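Each chain, letter by letter, is given below.
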Amino acid sequence: MGSTISFFSGESFPIEMHKVRIVQKLSLIPIEERVSAMQAAGFNTFLLKNNSIFMDMLTDSGVNAMSDRQLASMMMADDAYAGSMSFERLKEAAIGIFGKDFILPAHQGRAAENIISSAFVKPGNVVPMNYHFTTTKAHIGLRGGSVVELFKPVAMDLSSDEPFKGNMDTDALATLLDSERGNVPFVRMEAGTNLIGGQPWSLANLKEVGKICRDRGIPLVLDASLLADNLYFIKTREASQRDASIREITRRISDEADIVYFSARKLGCARGGLILSNDQSTHDKMLEFVPLYEGFLTYGGMSVREIEAIAVGLEETMDFDMIRHGPEFIKLMADELAKKGVPVVTPAGGLGCHLNASEFLSHVPQTEFTAGALAAATFIAGGVRGMERGTLSEERNPDGSEHLSEVELLRLAVPRRVFTMSQIKYAVDRIHWLFENRRLVGGLKWISEPKILRFFSGTLDAVSDWPNSLARKFRADFGDSL
Ligand SMILES: *Cc1c(COP(=O)(O)O)cnc(C)c1O
């Protein structure tokens with residue numbers, strides 16, 4: 001275990017194992033302006049402008065704080081269309097950490113998914129996974145394949161003490177692989193399972209999955225975008241791994257997979273993506289798509305500066321003090337909210353604190369986008385921008401009807417090393433206030449709905465004048481406070 005710090009007072013709270021050396025000024029606009037900004041953004045938090053946001057908890061993608069070492073490395077980047085030494089340094093770092101032989105660059109995580117799907121998914125194929133991610137499912141779907149999720153029932157249990165909700169149902173996997181023989185191009189395991197609340201799987205579960213795949217000659221693909229959080233939880237929750245180093249656990253994970261890919265916007269705290277593999281022919285099948293979609297094989301759509309920063313960021317991820325910040329601050333936030341009765345997903349996962357919108361706004365039906373309404377209301381209440389993870393993020397059913405999500409969550413991401421504890425406490429305070437006034441919040445309806453990944457750019461409106469009612473109550477309670 002990394003050294004823990006206890007307090008004379010008997011209190012218990014996480015402490016930043018870094019100091020802040022570069023800052024960015026923030027401002028908090030008055031609530032009336034927050035209502036106008038939300039309206040102008042079509043009640044879609046993706047469409048807000050950053051200068052109207054106080055705490056940007058939309059995502060951990062590309063917004064993690066970089067270290068002094070990462071910034072320094074960027075000054076020594078080696079510009080070359082082909083054969084950049086920056087890529088050599090990234091290759092050495094990534095291959096050293098994951099123990100794979102081959103590496104391909106991509107400009108971000110979904111670009112890696114495009115390449116993997118283009119190389120392996122054929123029409124009618126089925127891809128089993130512990131849970132889908134939006135971009136993964138879209139890329140598999142574009143190639144004519146479909147996704148089958150093999151989570152255990154506890155994954156959908158939003159308040160639980162199950163430490164590894166991201167585990168795959170291995171019996172279901174074995175059964176499916178046997179019945180779909182010849183029709184499964186690969187099995188995918190996602191670390192720090194994003195859409196169910198940043199929940200991890202155990203190394204033991206991954207090993208079982210790996211064995212089932214190997215026994216049947218089916219490749220296992222690991223989405224390692226949120227690996228940092230999963231590593232933290234394996235180390236702190238899986239007894240057999242308590243004494244292993246983060247580097248050792250990473251290698252044990254990677255050894256199970258035939259392909260490892262990730263978004264370096266999350267893993268590595270810079271902006272890019274990588275695909276690692278073991279085997280020449282697997283590598284070659286993916287390689288041909290890299291110059292087509294991404295760029296030459298030694299940059300793949302990334303700038304050389306980012307490439308340098310990812311190399312350093314991957315090494316820094318092997319430091320327990322670095323990867324603990326997110327999960328520990330998230331737990332603090334979830335615990336404080338839970339104490340006030342606010343429904344949060346438990347146990348707290350990685351990536352962010354997740355509010356259970358179905359319980360928070362139990363009076364807003366899914367057809368009026370419960371989690372989307374909570375995202376809008378949270379921004380209005382505190383200038384805090386989160387991300388809807390519910391029905392809005394789904395694609396419609398083939399017959400055109402709404403596909404109601406299994407869960408309606410508001411994700412409040414805690415980008416790594418970005419927020420201080422007082423900011424987290426501010427967010428808790430405003431969410432607590434919103435919870436006390438939840439009856440004032442109503443639902444949303446579509447104005448303009450794109451066909452693919454609609455949550456990114458679709459626009460909606462409030463079903464009633466609830467945003468202004470909420471603002472009036474805020475004024476009544478807080479006077480002229482921001
Ligand atoms: C973010 C994410 C992706 C996609 O990565 P981008 O860099 O945003 O394209 C894929 N898988 C998971 C689990 C992610 O969290």
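Before any of the text, the structure's been laid out above.
Residues numbered from 1 in each chain as written. Predicted model: local features only at pLDDT ≥ 70, side-chain atom pairs only at ≥ 80, totals over all residues. Heavy atoms only, no water.

### Observations regarding the overall build of the protein
Reasoning step 1: Within the protein, the regular secondary structure consists of 18 helices and 14 strands.
Reasoning step 2: Whereas a compact globule of 482 residues would reach a radius of gyration of roughly 23 Å, the protein reaches 22 Å, a difference of no more than 12%.
Reasoning step 3: Taken along the three principal axes of its C-alpha coordinates, the protein extends 65 × 55 × 45 Å.
Reasoning step 4: For the protein, with 482 residues in total, the buried portion stands at 58%.
Reasoning step 5: Residue pairs in contact within the protein that sit at least 24 positions apart in sequence constitute 73% of those at least 6 positions apart. (Helix = DSSP H or I, 4+ residues; strand = E, 2+ residues; numbered from the N terminus. Rg over C-alpha atoms; globule rule 2.2 N^0.38 Å. Buried < 20%, exposed > 50% of the residue type's maximum accessible area, 1.4 Å probe, protein only. Contact = heavy atoms within 4.5 Å.)

### Side note on the site of the ligand
Reasoning step 1: In the vicinity of the ligand lie 14 residues, with Q108, R110, D223, S263 and K266 positioned nearest.
Reasoning step 2: A distance of 2.6 Å separates a nitrogen atom of the ligand from a polar atom in the side chain of D223.
Reasoning step 3: With three residues, the single largest contributor to the shell around the ligand is helix α4 (residues 109–120).
Reasoning step 4: When the residues that make up the shell around the ligand are grouped by side-chain class, the tally is two nonpolar, six polar and six charged. (Near = heavy atom within 4 Å. Polar contact = N/O pair within 3.5 Å; in protein donor to acceptor, adjacent residues only side chain to side chain. Nonpolar A, V, L, I, M, F, W, Y, C, P; charged D, E, K, R; others polar.)

### Digging into the packing of aromatic side chains
Each aromatic ring pair is described using two quantities: the centre-to-centre distance and the angle formed by the ring planes.
Reasoning step 1: By the definition in use, this model includes 18 aromatic pairs.
Reasoning step 2: Seen in terms of ring centroids, Y81 and Y299 are 5.2 Å apart; in terms of plane orientation they differ by 70°. Their pairing is edge-to-face. Highlighted residues: Y81 in the loop between α2 (68–74) and α3 (85–98) and Y299 in the loop between α11 (289–293) and α12 (304–317), separated in sequence by 218 residues.
Reasoning step 3: Residue classification places Y81 among the exposed positions, given a relative accessible area of 56%.
Reasoning step 4: Owing to a relative accessible area of 18%, Y299 belongs among the buried residues under this scheme.
Reasoning step 5: Between F369 and W446 the ring centres are 5.6 Å apart and the planes differ by 70°, which places this aromatic pair in the edge-to-face class. Remark: W446 occurs in strand β13 (residues 444–448) and F369 occurs in the loop between α14 (357–360) and α15 (370–382); sequence separation between them is 77 residues.
Reasoning step 6: Residue class for F369 comes out buried when judged on its relative accessible area of 2%.
Reasoning step 7: Among the aromatic side chains, those forming a connected cluster through ring pairs are F46, F455 and F456. (Phe/Tyr/Trp six-rings, centres within 6.5 Å; stacked < 30°, edge-to-face > 60°.)

### Here's the deal with the pattern of salt bridges
Reasoning step 1: Scanning the entire structure with this criterion turns up 28 salt bridges.
Reasoning step 2: The closest approach of N and O atoms between D223 and R188, which form a salt bridge, is 2.8 Å. With a gap of 35 residues between them, D223 in strand β6 (residues 220–223) and R188 in strand β5 (residues 187–190) connect regions that are remote in the sequence. Comparing D223 with R188 shows no difference in burial state: the two are buried.
Reasoning step 3: One salt bridge in this structure joins K340 and E336, with 3.9 Å as the shortest N-O distance.
Reasoning step 4: You can call K340 partly exposed: its relative accessible area is 32%. (Salt bridge = Lys/Arg side-chain N within 4 Å of Asp/Glu carboxyl O.)

### Section: unusual backbone geometry
Reasoning step 1: With omega at -5°, the peptide bond leading from T346 into P347 counts as cis.
Reasoning step 2: Looking at the secondary structure, you find P347 in the loop between α13 (320–339) and β9 (352–356).
Reasoning step 3: In this structure, F43 is a non-glycine residue whose phi angle is positive, near 55°.
Reasoning step 4: You can see F43 is positioned in the loop between α1 (31–40) and β1 (55–56).
Reasoning step 5: With a relative accessible area of 3%, F43 lands in the buried category.
Reasoning step 6: Within the chain, F369 stands out as a residue other than glycine whose phi angle is a positive 60°.

### Overview of α12
Reasoning step 1: For α12, built from 14 residues, the straight-helix expectation of 20 Å at 1.5 Å per residue is met to within 8% by its first-to-last C-alpha distance of 20 Å.
Reasoning step 2: Among the 14 residues of α12, 11 are classified as buried, and the element is accordingly described as predominantly covered.
Reasoning step 3: Within the span of α12, buried status applies to V304, E306, I307, E308, A309, I310, A311, G313, L314, E316 and T317.
Reasoning step 4: Taken together, the buried residues of α12 touch α2, α3, α8 (227–237), α9 (246–256), β7 (259–263) and α13. (Expected span 1.5 Å × (residues − 1).)

### Here's the deal with helix α7 (residues 203–216)
Reasoning step 1: A rise of 1.5 Å per residue sets the reference length of α7, with its 14 residues, at 20 Å; its end C-alpha atoms lie 20 Å apart and thus fit the reference within 8%.
Reasoning step 2: When we look at burial in α7, the residues that qualify are L203, N205, L206, V209, G210, I212 and C213.
Reasoning step 3: Tucked inside the fold, the buried residues of α7 contact α6 (170–179), β5, β6, α8 and α9.
Reasoning step 4: The first or second residue beyond α7 is G217, which carries a positive phi of 70°.

### Considering the sheet that holds strand β11 (residues 387–389)
Note: strands within a sheet are paired through backbone hydrogen bonds, in either parallel or antiparallel orientation.
Reasoning step 1: The antiparallel open sheet is built from three strands, whose spatial order is β9-β12-β11. Strands with a single pairing partner mark the edges of an open sheet, and in this sheet they are β9 and β11. Pairs of neighbouring strands in the sheet enclose a mean axial angle of 30°, with direction left out of account. (Pairing = 2+ DSSP bridges. Axes fitted to C-alpha atoms, helices over the stretch in contact; angles between N-to-C directions.)

### Some remarks on the layout of surface pockets
Reasoning step 1: By volume, the second largest pocket amounts to about 550 Å³.
Reasoning step 2: Lining of the second largest pocket is provided by 24 residues; of these, S12, F13, P14, I15 and E328 occupy positions nearest its centre.
Reasoning step 3: Listing elements by their share of the lining of the second largest pocket, those giving two or more residues are α8, α13 and α16 (421–436).
Reasoning step 4: The dominant element in the lining of the second largest pocket, judged by the number of residues it contributes, is α13, at eight residues. (1 Å grid on protein atoms, 1.4 Å probe; cavity = no way out; pocket = protein on both sides within 12 Å on 5 of 7 lines; lining within 4 Å. Points joined across faces, edges and corners; volume = space filled by probe spheres on them.)

### Points about a negative patch on the surface
Reasoning step 1: Taken together, D258, D279, D284 and E288 make up a surface patch of like negative charges.
Reasoning step 2: For E288, a relative accessible area of 54% gives the class exposed. (Patch = residues over 30% accessible without salt bridge, like charges linked within 9 Å, V, L, I, M, F, W, Y side chains within 5 Å. Areas by Shrake-Rupley, 256 points an atom, 1.4 Å probe, with all protein chains shown as cover. Lys, Arg positive; Asp, Glu negative; His and termini not counted. Charge placed at Lys NZ, Arg CZ, Asp CG, Glu CD.)

### Remarks on the pairing of β9
Reasoning step 1: Among the five residues in β9, five count as buried, and that is most of the element.
Reasoning step 2: The pairing of β9 with strand β12 (residues 409–413) spans five bridges and is antiparallel. Bridged to C353 within β12 is L412.

### With respect to empty space enclosed by the protein
Empty space among the atoms can be located by rolling a probe the size of a water molecule over them.
Reasoning step 1: Within this structure, the stated rule accounts for four cavities of 30 Å³ or more.
Reasoning step 2: Its boundaries defined by the atoms lining it, the largest cavity holds a volume of some 90 Å³.
Reasoning step 3: In terms of lining, the largest cavity is formed by F43, N44, T45, F46, G372, A375, A376, E388, L392, F455 and L460.
Reasoning step 4: The leading source of residues in the lining of the largest cavity is α15, at three residues.
Reasoning step 5: There is about 80 Å³ of room inside the second largest cavity.
Reasoning step 6: Around the second largest cavity, the lining residues are Y131, H132, T134, L195, R389, G390, S393, E394, S405 and V407.
Reasoning step 7: Of the residues in the lining of the second largest cavity, the class split is three nonpolar, five polar and two charged.

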